[in-house]
Amino acid sequence: QKTEWAKLIHEKSFTADQSFVELAANIGTPNDLEGVINNGGEGIGLYRTEFLYMGRSQLPTEEEQFESYKSVLEGMSGKPVVVRTLDIGGDKKLPYLNLPEELNPFLGFRAIRLCLEQQDMFRTQLRALLRASSYGNLKIMFPMIATLEEFREGKSILEEEKQKLVSEGEKVSDHIEVGIMVEIPSTAVLADQFAKEVDFFSIGTNDLIQYTMAADRMNERVSYLYQPYNPSILRLIKMVIDAAHQEGKWAGMCGEMAGDEMAIPLLLGLGLDEFSMSATSILKARSQIRNLNKKEMEKLAADALKMKTADEVLRAVKKI
Ligand code: PEP
Ligand code: MG
């Protein structure tokens, strides 16, 4: 099976009825690039930049960040690279920021909320990204967006830094897409409004499931409620994909669900454009997708959206 998959390294990802999707990889550091190339990744769908900030005693400098972003962009030779701005907080802490303890860190001061308040840190990251943008195909993504104001504020800070750099004579790409992670239910519900302003969506199911089901993704005792196939989750995903397409934008997914072989048929049927997963899952997913028929998966997804329980959905997927 592994040798069968290996033949697909340089192949595109399309279904049996010739519908194309993009299979991208999630990475944490530039060292992960080799695995992406060796597994036929068509892009980076999520570069988690937290690791640049963790395991050290002070913030990384603009120069350090620039070098990392540049090496990933160059290493992908013009293929799309979605870099997520700092998503710290929740389970990921940075002791040197000296933030007060919170009762509910997953519902607290994290990610874009922190970045919009501690703007020096945010602006440094954005400058490093903008300077690196001319070395490849950069897309910038904000995490944990709950309201349109957050997106607008993040984007206007980005624009300000871009203007500054340009006036300093720096080379900055003119084609940087700016998108958001959809991992908070409010944003999925309001996706039609967001779609008018963002360039793309990437659905973060790891958090979207936990916030929709009110079940901590790390808590074993409620893990039975952590249900990717629950029709409520599928309906939210559908709202996001449909809203994107309505405005001519693309919708991807970078949560674990994107690489799950039981979810892939449903996601294809819902019209997902880009699947971002751990590099080692890509070839298996590509092989699976080549054997699926998009038209049939649309029927499966339409049926699943009307079902009542996650179990019922899973049984339907297992039948194909
Ligand atoms: C997600 O929430 O689905 C996601 C990809 O982000 P993280 O796992 O880093 O929270
Ligand atoms: Mg998340």
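About the criteria used
- Residues numbered from 1 in each chain as written.
- Chains lettered and ligands numbered in written order.
- Predicted model: local features only at pLDDT ≥ 70, side-chain atom pairs only at ≥ 80, totals over all residues.
- UniProt positions renumbered as here; feature names shortened; annotations may be inferred.
- Pairing = 2+ DSSP bridges.
- Helix = DSSP H or I, 4+ residues; strand = E, 2+ residues; numbered from the N terminus.
- Right-handed = clockwise from strand over helix to strand, strands pointing away.
- Buried ≥ 20, exposed ≤ 12 C-beta atoms within 10 Å, placed from the backbone.
- Contact = placed C-beta atoms within 7 Å.

Under an unreviewed UniProt entry, the name given to the protein chain is Phosphoenolpyruvate-protein phosphotransferase, and the organism recorded is Cytobacillus solani. Here the protein chain is described in UniProt, under the heading Catalytic activity (unreviewed entry), as follows: "L-histidyl-[protein] + phosphoenolpyruvate = N(pros)-phospho-L-histidyl-[protein] + pyruvate". Per its UniProt entry, the protein chain bears the Subcellular location (unreviewed entry) comment "Cytoplasm".

Caption draft 1: Geometry of the pairing of strand 8 (residues 250-253). When strand 7 (residues 200-203) meets strand 8, the two strands line up parallel, connected through four bridges. Its bridge partner lying in strand 8, I203 is registered against M253. By the bridge criterion, two bridges tie strand 8 to strand 9 (residues 274-277) in an arrangement that is parallel. When the bridges of strand 9 are listed, G252 appears paired with E274. Handedness of the β-α-β unit built from strand 8, helix 12 (residues 264-270) and strand 9 comes out right-handed.

Caption draft 2: Looking closely at unusual backbone geometry. Backbone geometry at S77 places phi at a positive 40°, although glycine is not the residue there. With respect to the secondary-structure elements, S77 resides in the loop between helix 4 (62-75) and strand 4 (80-84). Residue S77 is classed as exposed on the basis of its C-beta count, with 9 C-beta atoms lying within 10 Å. Even without being a glycine, N98 presents a positive backbone phi close to 50°.

Caption draft 3: A look at the UniProt feature "binding site: Mg(2+)" (unreviewed entry) in the protein chain. Annotation from UniProt places "binding site: Mg(2+)" (unreviewed entry) at E183 and D207. A maximum C-alpha distance of 5.3 Å places the annotated residues, which cover 25 residues in sequence, within one compact spot. If you trace the backbone, E183 turns up in the loop between strand 6 (177-182) and helix 8 (185-189). By the C-beta count within 10 Å, which is 26 here, E183 ends up buried. Once you skip the residues sitting within four places of it in the chain, E183 turns out to touch M144, G204, D207 and L208. The residue D207 is located in helix 10 (residues 205-213) in this model.

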